[in-house]
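# Structural characterization, general
The chain contents come next:
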Amino acid sequence: IIISLFGIVNTLVLTVFERTREIGMLRAIGMTRRQTPRMIRHESVITALIGAVLGLGLGFFLAFIVTQAVKKDGIGFAVPVTSIVVFVITAILAVLIAGPIGVACAVYIAEYAPKWLAEPVSFLITLLAAIPSIIYGLWGFRILAPIMRAAVEPFLKNTLGQIPIVGALFSGPT
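Residues numbered from 1 in each chain as written. Predicted model: local features only at pLDDT ≥ 70, side-chain atom pairs only at ≥ 80, totals over all residues. Heavy atoms only, no water.

Evaluated as defined, the whole model comprises two salt bridges. In this structure, Glu153 engages Lys157 in a salt bridge whose closest nitrogen and oxygen atoms are separated by 3.5 Å. Taken together, the residues span about one helical turn, with Glu153 and Lys157 both in helix α6 (residues 133-160) at a distance of four residues. Among the residues examined, Lys157 registers a relative accessible area of 33% and is labelled partly exposed. (Salt bridge = Lys/Arg side-chain N within 4 Å of Asp/Glu carboxyl O. Helix = DSSP H or I, 4+ residues; strand = E, 2+ residues; numbered from the N terminus. Buried < 20%, exposed > 50% of the residue type's maximum accessible area, 1.4 Å probe, protein only.)

Below, the structure is given as structure tokens:
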């Protein structure tokens, strides 16, 4: 979730910063300050839904094709329902946490930040965009995962582990 925060914030800030003129034109023809974050939020939700539907559809299609090719070796097509449910719950948590932060950062940089702050921050965000997502993943795997395993996981198991449905998410493999 923390790694997805970087990606979502980076994407939203770049989207808003690159569209500053467009947002300015929309503001000039009557869009209010309250409508700007709403527009960005709706666009990000629509984009995420399109990506999720296309990704799941293409993933199932390719999995079906590959399993048909290796069917003679005894490998069959099966839908991993538990993994998909855990993935969906994790994705929803990531969006609920990172989405508002990303929109707030993007709107602040585009609308409210003074020029002396907005320019260097947008430059740094552009540099972060140049780093491939796999680097963020490796950083999370090598640096963040041990910290989460030692500090956050025991806390979540002790506090949320007793809740019937949610507890299974934090119990780990049995």
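Turning our eyes to something else, we now look at the confidence of the model for the protein chain. Across the protein chain, the average pLDDT comes to 80, with 92% of residues at 70 or higher. Ranking the elements of the protein chain by mean pLDDT puts helix α1 (residues 2-18) last, at 68, and helix α3 (residues 35-69) first, at 84. (pLDDT = per-residue confidence, 0-100.)

A few words on the packing of helix α2 (residues 20-28) against α3. Orientation of α2 relative to α3, taken along the N-to-C sense of each, is 130 degrees, at an axis distance of 11 Å. One element, α2, and the other, α3, form an angle in the oblique class. Crossing of α2 against α3: the hand is right-handed. Along its contact with α2, which presents Ile23, Leu26 and Arg27, the element α3 presents Thr36, Met39 and Ile40. Looking at the contact of α2 with α3 residue by residue, the classes come out as four nonpolar, one polar and one charged. (Axes fitted to C-alpha atoms, helices over the stretch in contact; angles between N-to-C directions. Parallel < 35°, antiparallel > 145°, perpendicular 65-115°, else oblique. Left-handed = near helix turned anticlockwise from the far one by under 90°. Contact = heavy atoms within 4.5 Å. Nonpolar A, V, L, I, M, F, W, Y, C, P; charged D, E, K, R; others polar.)

What follows is about the side chain of Thr36. Positionally, Thr36 belongs in helix α3. Judged by relative accessible area, which is 2%, Thr36 ranks as buried. In terms of polar contacts, Thr36 uses its side chain to reach the backbone carbonyl oxygen of Thr32, at 3.3 Å. Sequence-distant contacts of Thr36, defined by excluding residues within four places in its chain, comprise Ile23, Arg27, Met31 and Glu111. (Polar contact = N/O pair within 3.5 Å; in protein donor to acceptor, adjacent residues only side chain to side chain.)

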